[in-house]
Amino acid sequence: MKLCLIGEESDFTDGLTISELLVEQGVKTPEMVSVELNGQILKRSAIEDTVLKDGDKVEFLFFAGGGS
């Protein structure tokens, strides 16, 4: 299936969940990432079970602290 991941279209395995996608993409701290699917922020509880479909648009939102 084709997904638009972080603005780029790529091929992925059918039936992939958001959680599996995070692992496949090498996200080291998935608990620190919010996921936007087709313009909607997913609840953390939905990340494990949400199965992606052909044409979905996925964004990872990383939050960083810092400053003085």
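Please refer to the structure placed before this passage.
Here the structure is a predicted model, which means the values were calculated and not measured.

The next subject is the side chain of Thr 17. Looking at where Thr 17 falls in the secondary structure, it is placed in the loop between strand E2 (8-11) and helix H1 (18-24). If we ignore the near neighbours within four places in the chain, the residues touching Thr 17 are Glu 48, Thr 50, Val 51 and Leu 52.

With that settled, the discussion passes to the packing of aromatic side chains. Scanning all chains against the criterion turns up one aromatic pair. Ring geometry for Phe 60 versus Phe 62: centroids 6.4 Å apart, planes at 90 degrees, classification edge-to-face. Under the relative-accessibility criterion, Phe 60 is labelled buried at 8%.

Here we take up the sheet that holds strand E1 (residues 2-5). Spatially, the five strands line up as an open sheet ordered E2-E1-E5-E3-E4, and their pairing is mixed. With one partner strand each, in any of the chains shown, E2 and strand E4 (40-41) form the two edges of the open sheet. As paired strands, E1 and strand E5 (residues 57-62) are joined by two bridges and run parallel to one another. When the bridges of E5 are listed, Leu 5 appears paired with Val 58.

A contiguous patch of negative charge on the surface is contributed by Glu 20, Glu 24, Glu 48 and Asp 49. As for its position among the elements, Glu 20 is in helix H1. What makes Glu 20 partly exposed here is its relative accessible area of 41%.

Before going further, it helps to examine the side chain of Asp 56. Relative to the elements of secondary structure, Asp 56 occurs in the loop between helix H2 (44-47) and E5. Of the side chains bearing the opposite charge, Lys 53 lies closest to the buried Asp 56, which forms no salt bridge; the N-O distance is 4.4 Å. A polar side-chain atom of Asp 56 sits 2.9 Å from a polar atom in the side chain of Asn 38. Ignoring sequence-local partners within four residues, the contact set of Asp 56 consists of Lys 2, Leu 3, Cys 4, Leu 37 and Asn 38.

About the thresholds
Residues numbered from 1 in each chain as written. Predicted model: local features only at pLDDT ≥ 70, side-chain atom pairs only at ≥ 80, totals over all residues. Heavy atoms only, no water. Helix = DSSP H or I, 4+ residues; strand = E, 2+ residues; numbered from the N terminus. Contact = heavy atoms within 4.5 Å. Phe/Tyr/Trp six-rings, centres within 6.5 Å; stacked < 30°, edge-to-face > 60°. Buried < 20%, exposed > 50% of the residue type's maximum accessible area, 1.4 Å probe, protein only. Pairing = 2+ DSSP bridges. Patch = residues over 30% accessible without salt bridge, like charges linked within 9 Å, V, L, I, M, F, W, Y side chains within 5 Å. Areas by Shrake-Rupley, 256 points an atom, 1.4 Å probe, with all protein chains shown as cover. Salt bridge = Lys/Arg side-chain N within 4 Å of Asp/Glu carboxyl O. Lys, Arg positive; Asp, Glu negative; His and termini not counted. Charge placed at Lys NZ, Arg CZ, Asp CG, Glu CD. Polar contact = N/O pair within 3.5 Å; in protein donor to acceptor, adjacent residues only side chain to side chain.

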